[in-house]
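Listed below are the residues making up each chain.
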Amino acid sequence: MFINSLKDNRTIWLNGENIDITTNEHFKGTLETISHLYKMFDDPNQQSKIGYLNDDKQWVHSAFLIPHSYDELIKRKIAFETWARATDGIMSRLPDYARSRLTGWYANRDSYCQYDSSFPEKLAAYYEQARDEHRFISIVQRDPQINRSDREKKNTDELGLLTITQKTKDGVYVNGAKMIGTAAPYSHDLIIYPLSKLEDKTKQLAHMLIVPTDSPGLHMVCRESFAISEKESADHPLSAKFDEMDAVLIFDDVFIPWERVLLHDNPNGLAQIKADPISSGLAYHQAIIRLLAKLEFSTAIANEIAEVIGASDYLHVQEKLGELIMQIETIRALIIAAEREGRFNGKVYVPNFNYIQTARTLGSKYYPRALEILQLIGAGGFIQLPSSIKDFSSPLKDLMNKYYKGKNTNAEKRTKLFKLAWDLIGSPLGSRHELYERFYAGDPMLHTANQFHQYDKTKFKKIISPYLENN
Ligand SMILES: Cc1cc2nc3c(=O)[nH]c(=O)nc-3n(C[C@H](O)[C@H](O)[C@H](O)COP(=O)(O)OP(=O)(O)OC[C@H]3O[C@@H](n4cnc5c(N)ncnc54)[C@H](O)[C@@H]3O)c2cc1C
C-alpha cells in the first residue's frame, strides 16, 4: 500500500540519475520498514495502539488526535512509542512528527484569521485529507548553506532563498531551494516555511506552503545513500533497514495552487506558525519520545558490550554505564513531568513546554555523549571485527570461533553485537545520526540560548533582590 502510493511523477536524483524509488535498491530496506509500520493499521492487535477511529470508522494515526485530556495525550504517546520502538528510535523522521505539528496548527487554526482569513479553511481541508489518506508528511525549513554571513537577505536569488516569483489567479510559482528534507523523497507532501525570523523588508520569503512531492519542477537531490543490500544486512543491520534519506529540494518554477498557500508575504504570521504553542508542544512531545527509544537502544548496546568483553567489572565502565542510565531516566522523567504538568490551551491539553524543550535540548548533547561512551567501552573491539559475518562459514571458522569469542559469548554472537554497535557509531549512517541529533532541531547553541530567552526569570529576581535592597 505505502510503496505503491509513491508511484507517481516525483523527481528524485541519486548518483546522477533520476530514479524511481519504488524499485531502486537503495530505498528498498527503508521503504519496507515504513510499509511494516503502515501495515500496523491492518493488524487488530496493533491498530488501537497507533490509531483511533475517524468519523468514517477508519483507523487513522493518533498523531492527528487533538488531546483534550491527559489520557488523550497518553494515547498519542503510546502511538509514538510503538513506532519508535519498532525502529529503535533510528527512524527519526517518521510522519508522526509533521502530523503532530499539523494537528496543533489545526487545533489553533482560528487564531491565524488575523493574518489570512482563508487560513482556517485551507488548513482544515488539508488536515482532514492528510489524516484520512495517511499522508506521509515532512517539514523542510532551512535555506541552502550558501552564505550565512549575509543577514540582510537582500539578494534572494544569489542566496537561493525560496521565493514566490509569480502570482496568478490560480496560485503561485516558487523558485529557490530548501535543505534538508529528511524523508522528503518518500513523503507525499512537504510543509515548507522559513526557519529564520523575517522582517517586512523580506516579506516575499514569508510563506507557508504545502507542496505535493510529485509537483512538476520540484527536484529532490539525495545525499549519498548509506543503505546496504539485504544480503549484507548481517554486517550492517541498521543501514539495511533504517537509512532515512535526506534531500535538498530545488524548486524550479513550481506551481502551488492557492488552496495550498497557507500564508504568504506575512512575517508575523510565520513567526506565530513557528512558535505555535500547541503545534510545537505536540510535535516536540513526539520528538523526545523517539529520542528516549534511541537512548535506550544505545545504552542496551553499551551494556551488552561491557558484559561480553568482561569490562563491566571496572568502576570507570560502571560509571559510564551509570551516566547512560541517568540520561535515559532524565529524559523519561522530563516526558512524564511534561505530560503530568501539561496545561490547557483553550480546550487542548498540551504538554509542559519547559520540560519538553529541556529534553529536546539535552538530546543534542546526550546522544553524541552516548556514542562517545560506546567508543570508550568498545575501544579496539570495533576494529577487531572481521570484514563479514560470512567469515564464520569460511575454512577459517574454527580459528575464528576461538579468537573472536567473548567472556561468556560465542564468537558469532559477539561479532554480531559489535557489527550492530559499529553501524550505530562508525558507519556513514551512524555519523549521519550523530549530526542529526546535534542539529535536527536547529542550531544547538541557539536552542540553549532560547531556553534562557523564553524562561520566566522574574523568580530569579525575587530570589536575589532581598540581598540587594537597603536595610
Ligand atoms: C541529518 C540532518 C537532517 C536534517 N533534517 C531536517 C529536516 O527534515 N527539515 C529541516 O527543516 N531541517 C533539517 N535539518 C537542518 C537543520 O535544521 C539545520 O542543520 C540546523 O538548523 C542548523 O542549520 P545549518 O545546518 O544550516 O547550519 P548553519 O546555520 O549553516 O551553521 C553553520 C555554522 O555557522 C554558525 N552560525 C550560523 N549562523 C549563525 C549566527 N547567526 N550566529 C552565530 N553562529 C552562526 C553555526 O553555529 C554553525 O557553527 C537537518 C539537518 C541534519 C544535519
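The rules behind these values
- Residues numbered from 1 in each chain as written.
- Predicted model: local features only at pLDDT ≥ 70, side-chain atom pairs only at ≥ 80, totals over all residues.
- Heavy atoms only, no water.
- Axes fitted to C-alpha atoms, helices over the stretch in contact; angles between N-to-C directions.
- Helix = DSSP H or I, 4+ residues; strand = E, 2+ residues; numbered from the N terminus.
- Parallel < 35°, antiparallel > 145°, perpendicular 65-115°, else oblique.
- Left-handed = near helix turned anticlockwise from the far one by under 90°.
- Contact = heavy atoms within 4.5 Å.
- Nonpolar A, V, L, I, M, F, W, Y, C, P; charged D, E, K, R; others polar.
- Buried < 20%, exposed > 50% of the residue type's maximum accessible area, 1.4 Å probe, protein only.
- Phe/Tyr/Trp six-rings, centres within 6.5 Å; stacked < 30°, edge-to-face > 60°.
- Lys NZ or Arg CZ within 6 Å of the ring centre and 35° of its normal.
- 1 Å grid on protein atoms, 1.4 Å probe; cavity = no way out; pocket = protein on both sides within 12 Å on 5 of 7 lines; lining within 4 Å.
- Points joined across faces, edges and corners; volume = space filled by probe spheres on them.
- Near = heavy atom within 4 Å.
- Polar contact = N/O pair within 3.5 Å; in protein donor to acceptor, adjacent residues only side chain to side chain.
- Areas by Shrake-Rupley, 256 points an atom, 1.4 Å probe, with all protein chains shown as cover.
- Pairing = 2+ DSSP bridges.
- UniProt positions renumbered as here; feature names shortened; annotations may be inferred.
- Domains from an automatic or database assignment.
- Buried area = accessible area lost by both parts, 1.4 Å probe.

**A few points about the packing of helix α7 (residues 277–308) against helix α11 (residues 411–425)**
Viewed as axis vectors pointing N to C, α7 and α11 meet at an angle of 140 degrees, and their least axial separation amounts to 10 Å. In terms of orientation, α7 lies oblique with respect to α11. Crossing of α7 over α11 shows left-handed handedness. The residues of α11 that touch α7, namely those facing F297, S298, I301, E304, I305 and V308, are R414, L417, F418, L420, A421 and L424. Residues of the contact of α7 with α11, tallied by class, amount to nine nonpolar, one polar and two charged.

**Quick look at the environment of V308**
Looking at where V308 falls in the secondary structure, it is placed in helix α7. Judged by its relative accessible area of 5%, V308 is buried. Along the sequence, V308 and F418 sit 110 residues apart, while their C-alpha atoms lie 10.0 Å from each other. The residues touching V308, leaving out its near neighbours within four places in the chain, are G406, K407, T409, R414 and L417.

**Let's talk about the packing of aromatic side chains**
Within this structure, the stated rule accounts for 17 aromatic pairs. Taking the centre distance of 5.7 Å and the plane angle of 15 degrees together, the rings of Y455 and F460 count as stacked. Three or more aromatic residues joined by ring pairs make a cluster, and in this case those are F2, Y38, W83, F136 and Y186. Across the ring face of F418, the terminal group of R414 is positioned such that the distance to the ring centre comes to 4.5 Å.

**Remarks on the layout of surface pockets**
Estimates place the volume of the second largest pocket at around 280 Å³. In terms of lining residues, the second largest pocket is bounded by 15 residues, among which G29, I228, S229, E230 and A240 are the most central. Looking at the lining of the second largest pocket residue by residue, the class counts come to five nonpolar, five polar and five charged.

**So, the site of the ligand**
The immediate surroundings of the ligand are formed by 21 residues, with R142, Q145, R148, I180 and D443 found nearest. Residue T182 places a side-chain N or O atom 2.7 Å away from a nitrogen atom belonging to the ligand. Contact between the ligand and D443: an oxygen atom at 2.5 Å from a side-chain N or O atom of the residue. For the ligand, whose free accessible area comes to 960 Å², the fraction covered by protein is 72%. Taken together, the elements giving at least two residues each to the shell around the ligand come down to β5 (137–140), β7 (171–182) and α12 (428–439). Counting residues per element, the shell around the ligand draws most heavily on α12, at four residues. Looking at the shell around the ligand residue by residue, the class counts come to ten nonpolar, four polar and seven charged.

**Some details on the sheet that holds β5**
With mixed pairing, the four strands of this open sheet are ordered in space as β5-β8-β9-β12. Looking at the sheet topology across the chains shown, the edges are occupied by β5 and β12 (261–263). Neighbour to neighbour, the strand axes of the sheet diverge by 20 degrees on average, direction disregarded. With four bridges joining them, strand β8 (residues 189–192) and strand β9 (residues 208–212) adopt antiparallel strand pairing. From the neighbouring strand, I192 faces β9, where its bridge partner is L209.

**Concerning the UniProt feature "binding site: FAD" (unreviewed entry) in the protein**
Sites flagged by UniProt as "binding site: FAD" (unreviewed entry) map to Q145, I146, N147, R148 and T182. Relative to the helices and strands, I146 resides in the loop between β5 and β6 (163–167). Structurally, N147 is set in the loop between β5 and β6. Polar contacts involving the side chain of N147 include one to the side chain of S149, which spans 2.6 Å.

**Here we look at the pairing of β9**
Where burial is concerned, most of β9 is hidden: four out of the five residues are buried. Two elements, β9 and β12, share two bridges in a ladder whose sense is antiparallel. Paired with M208 across the strands is L263, a residue of β12.

**Section: the domain arrangement of the protein**
Accessible area lost when the parts come together is the quantity often used to give the size of an interface. Here the protein is partitioned into domain 1 (4–274) and domain 2 (276–457). Domain 1 and domain 2 are separated by 25 Å when their C-alpha centres are compared. Tallying the contact residues gives 45 residues for domain 1 and 40 residues for domain 2. Between domain 1 and domain 2 lies a buried interface of about 3,700 Å² when both sides are counted; carbon and sulfur atoms form 61% of it.

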